[in-house]
Amino acid sequence: MTDTAWIDNALTSARPQAVGALLRYFRNLDTAEEAYQNACLRALKTWPQNGPPRDPAAWLIMVGRNVAIDDIRRNRKQQALPEDEAISDLDDAEDALAERLDGSHYRDDILRLLFICCHPDLPATQQIALALRIVSGLTVKQIARAFLVSEAAMEQRITRAKTRVAEASVSFETPGAVDRSERLAAVAAMIYLIFNEGYSASGDTAEIRAPLCEEAIRLARLLLRLFQSEPEIMGLTALLLLQHARAAARFDAGGAVILLDDQDRRLWNQAMISEGLALIDKAMRHHRSGPYQIQAAISALHARADKPENTDWTQIDLLYGALEVMQPSPVVTLNRAVAVSKVRGALAALDMIEPLEQRLSNYFHYFGVRGAFLMQLDRNDEARVAFDRAISLANTSAEAAHIRMHLDRLMRDSKPRATKTSKK
Amino acid sequence: MMYAILCYNDEDTVGSWTKEQDAAVMKKLAVVQDKLTKQGRLGPVARLLPTTAATTLRKDDPPLVLDGPFAETKEQLLGFYLVDCKNLDEALEVARDLGAANPGGAYEIRPVGMFTPGRVLA
């Protein structure tokens, strides 16, 4: 690898830890970020000459801190730092700092940094943008592209988020166990949001937005390395890996959605699947189930089936049942109904989703799934009504096209036959 | 003399390779491996899954299972096993048996992502 590529990589890897520590020190996101940027500029100048430091993060933290303090003092028209604290004498100081960067501290630094980005005062779109900018270090241009908005709009979104975060109070004390687990849950949810931004894209935008999935996986792995014994973080990482493993099989050449049943399973990424399955194995040993673990387990059952007909739908039905108890939601019940239709038939599944209609009256998938169940029961007129409704609620042209395919089949087949249910 | 060649690198860096970059590296490695295979000198080759997928068994009494890779620096890598297991529990069972036979130190249990058996070396 070239020097420049190595340096770029080291800077990106060290970023969460460095910005996290600088944030603890300065208690201001802008100052911390600027300090990190300045340290990076120095790194680009000095590392190629002097060779890379043993601990890039520690180097960046110390240089960033000193440069920022220097700036603050200069702005106050005071003297610059005394010579013995100046950054020229790095070696001993770097050792000392590296020693102080013990595991517990930097764990909480990174967690705090992530947590600030998903502060409850921020709307979801701002949380994601802020995290990608601050923690992942994507440029505003890259983020704007992934969110299909202009650079100026994204710049504004990030600035707003920063202002709100500055006004909100976040404790800089080392968090207690309860605080820490609350922070972890919020951060996990944000990482899942980032992933879904990439995963839910389709058509032309799928490729542009796929990096969001990869970034979410990177953040999940980072979190898991910091909190190695948290089964829900194992579950989250597994879930993202197992879902992203199907990326190459999810769309046809025209960008239209290919349903799970119709995907070419040879295109699934086996390395990601193995890693996901291994993480679920690890999580299970803790006997502390949670929504991410259950969703990952469902995803794993799909991944384990070499052919759709070998899918263990009975187990999937049970897992959705557990998820319904843990996290009751009509969408979970709707997903469960798909499994039920495979195990106990379309009528049982239809009975199950009928009570959801009021709450899901604007939900595209509800009518898609309902239409498919009705079609399986040869109730074609009712199916047509459901599919029409689904098309009117479709969020993307790919969704609409998919339902139209069902409708075409209804029109074409005088004698209707069983069809696949609509599930992504 | 048989030599084990152990691969070390920054997993963040390797993990951030694109599929194409990864494939390019694997292709270059395959050239070297093919040469060794033709000479009948290559044994098993394994690529391990990331350390986040690792579990460690400290061979204390009783043995202690820890999430994550082996992290101490005062012990050194002295050997390794490749064992076919259904799942992590089965792998831990094997490690416990081995640990009972040879206490002290630790075993890191890491799933293998890619494996070629190579020549069976007698």
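Basis of the calculations
Residues numbered from 1 in each chain as written. Chains lettered and ligands numbered in written order. Predicted model: local features only at pLDDT ≥ 70, side-chain atom pairs only at ≥ 80, totals over all residues. Helix = DSSP H or I, 4+ residues; strand = E, 2+ residues; numbered from the N terminus. Buried ≥ 20, exposed ≤ 12 C-beta atoms within 10 Å, placed from the backbone. Contact = placed C-beta atoms within 7 Å. Nonpolar A, V, L, I, M, F, W, Y, C, P; charged D, E, K, R; others polar. Pairing = 2+ DSSP bridges. Axes fitted to C-alpha atoms, helices over the stretch in contact; angles between N-to-C directions. Core = buried A, V, L, I, M, F, W, Y, C linked by C-beta atoms within 7 Å. Domains from an automatic or database assignment. Parallel < 35°, antiparallel > 145°, perpendicular 65-115°, else oblique. Left-handed = near helix turned anticlockwise from the far one by under 90°. pLDDT = per-residue confidence, 0-100. Expected span 1.5 Å × (residues − 1). Arc of directions from axis to C-beta.

1. Quick notes on the overall build of chain B
Reasoning step 1: Each helix and strand in chain B was counted, giving three helices and five strands.
Reasoning step 2: Dimensions along the principal axes, computed over C-alpha positions, put chain B at roughly 45 × 40 × 30 Å.
Reasoning step 3: Burial status across chain B gives 15% buried among its 122 residues.
Reasoning step 4: Residue pairs at least 24 apart in sequence account for 70% of intrachain contacts in chain B once pairs closer than 6 positions are excluded.

2. Some remarks on the interface of chain A and chain B
Reasoning step 1: The interface of chain A with chain B comprises 16 residues on the first partner and 13 residues on the second.
Reasoning step 2: Secondary-structure elements contributing two or more residues to the side of chain A that touches chain B are α1 (3–26), α10 (205–226) and α12 (270–284) of chain A.
Reasoning step 3: The element contributing the most residues to the side of chain A that touches chain B is α12 of chain A, with seven residues.
Reasoning step 4: Its residues placed into classes, the side of chain A that touches chain B shows four nonpolar, six polar and six charged.

3. Digging into the sheet that holds strand β3 (residues 64–67) of chain B
Residues and elements named next belong to chain B.
Reasoning step 1: Taken in spatial order, the three strands of this open sheet run β3-β2-β4, and their pairing is antiparallel. Of all the strands in the sheet, the pair left with one neighbour each is β3 and β4 (106–109). Ignoring strand direction, the axes of neighbouring strands in this sheet form an average angle of 20 degrees.
Reasoning step 2: Of the strand pairs in this sheet, strand β2 (residues 55–58) and β3 are connected by four bridges, and their pairing is antiparallel. Pairing of L57 across the sheet is with V65, part of β3.

4. Considerations on the environment of H105 of chain A
Reasoning step 1: If you trace the backbone, H105 of chain A turns up in helix α5 (residues 103–117).
Reasoning step 2: With 84 residues separating them along the chain, H105 of chain A and A21 of chain A place their C-alpha atoms 8.5 Å apart.

5. A word on the environment of A24 of chain B
All names here are of chain B.
Reasoning step 1: Structurally, A24 is set in helix α2 (residues 19–38).
Reasoning step 2: Looking at A24, the number of C-beta atoms within 10 Å reads 12, which means it is exposed.
Reasoning step 3: Taking the C-alpha atoms as reference points, A24 and I109, 85 residues apart in sequence, are found 28 Å from one another.

6. Observations regarding the nonpolar core
All names here are of chain A.
Reasoning step 1: Residues L60, A131 and I191 are the most contacted members of the largest nonpolar core, which totals 127 residues.
Reasoning step 2: In terms of residue count, the dominant contributor to this core is α10 (10 residues).
Reasoning step 3: Beyond its immediate stretch of four places on either side in the chain, A131 contacts L114, C117, C118, S136, M190 and I194.

7. With respect to the domain arrangement of chain B
Residues and elements named next belong to chain B.
Reasoning step 1: Under the domain assignment used here, chain B contains domain 1 (1–43) and domain 2 (44–117).
Reasoning step 2: Relative to domain 2, the C-alpha centre of domain 1 lies at a distance of 22 Å.
Reasoning step 3: The interface is formed by five residues belonging to domain 1 together with five residues belonging to domain 2.
Reasoning step 4: A class-by-class count of the residues in the side of domain 1 that touches domain 2 yields one nonpolar, three polar and one charged.

8. What about the environment of V25 of chain B?
Reasoning step 1: Position of V25 of chain B relative to the elements: it lies in helix α2.
Reasoning step 2: Remark: the alpha-carbon pair of V25 of chain B and C85 of chain B, spanning 60 residues in sequence, is separated by 29 Å.

9. Some details on the packing of α1 of chain A against helix α2 (residues 29–50) of chain A
Residue and element names in this part refer to chain A.
Reasoning step 1: Where α1 contacts α2, the axes come no closer than 9 Å and their chain directions differ by 150 degrees. By the criterion of interaxial angle, the relationship of α1 to α2 is roughly antiparallel. In the crossing of α1 with α2, the sense of the turn from one axis to the other is right-handed. Across from D3, I7, L11, R15, A18, V19, L22, L23 and F26 in α1, the residues of α2 making contact are L29, T31, A32, E33, A35, Y36, C40, A43, L44, W47 and P48.

10. Things to note about the domain arrangement of chain A
How big an interface is tends to be expressed through the accessible area that disappears when the partners come together.
All names here are of chain A.
Reasoning step 1: When its domains are assigned, chain A resolves into domain 1 (3–101) and domain 2 (103–169 + 178–228).
Reasoning step 2: Counting residues at the interface gives 14 residues for domain 1, matched by 14 residues for domain 2.
Reasoning step 3: Within the residue set of the side of domain 1 that touches domain 2, elements represented by two or more residues are α1 and α2.
Reasoning step 4: The element contributing the most residues to the side of domain 1 that touches domain 2 is α1, with nine residues.
Reasoning step 5: When grouped by side-chain class, the residues that make up the side of domain 1 that touches domain 2 number six nonpolar, four polar and four charged.

11. Some remarks on the packing of α10 of chain A against helix α11 (residues 231–244) of chain A
Residues and elements named next belong to chain A.
Reasoning step 1: Contact pair α10 / α11: the axes reach a minimum separation of 9 Å and the direction vectors enclose 155 degrees. Considering the angle they form, α10 stands roughly antiparallel to α11. Crossing geometry of α10 relative to α11 is assigned as left-handed. From α10, C213, A216, I217, A220, R221, L223 and L224 reach across to α11, where they touch I233, M234, L236, T237, L240, L241 and H244.
Reasoning step 2: A per-class count over the contact of α10 with α11 returns 11 nonpolar, two polar and one charged.

12. Details of unusual backbone geometry
Reasoning step 1: Here the bond from D61 of chain B into P62 of chain B is cis, since omega is 0 degrees, no more than 30 degrees from zero.
Reasoning step 2: Inspection of the secondary structure assignment puts P62 of chain B in the loop between β2 and β3.
Reasoning step 3: In the Ramachandran plot, H287 of chain A falls in the positive-phi region, its phi being about 50 degrees despite a non-glycine side chain.
Reasoning step 4: Overall, the presence of 7 C-beta atoms within 10 Å leaves H287 of chain A in the exposed class.
Reasoning step 5: Although it is not a glycine, D378 of chain A adopts a positive phi angle of roughly 65 degrees.

13. So, the confidence of the model for chain B
Reasoning step 1: Summarising the model, chain B shows a mean pLDDT of 90, and 98% of its residues fall at 70 or more.
Reasoning step 2: Here the prediction assigns the complex a pTM of 0.85, and the interface score ipTM is 0.88.

14. With respect to helix α3 (residues 88–101) of chain B
Reasoning step 1: The terminal C-alpha atoms of α3 of chain B, which comprises 14 residues, lie 20 Å apart, in line with the 20 Å expected from a rise of 1.5 Å per residue.
Reasoning step 2: Burial in α3 of chain B covers these residues: L88, A91, L92, A95 and G99 of chain B. Axial view of α3 of chain B: buried residues confined to an arc of 100 degrees, hence all on one face. In α3 of chain B, the exposed positions that point more than 90 degrees away from the buried face belong to D89, E93, D97, A100 and A101 of chain B.
Reasoning step 3: Those residues of α3 of chain B that are buried lie in contact with α12 of chain A together with β2, β3 and β4 of chain B.

15. A closer look at the confidence of the model for chain A
Reasoning step 1: Overall, the predicted model of chain A reaches an average pLDDT of 86, with 89% of residues at or above 70.
Reasoning step 2: Segment residues 82–90 of chain A is flagged for pLDDT under 50; beyond a separation of four residues in sequence, or across chains, it makes four contacts in the model.

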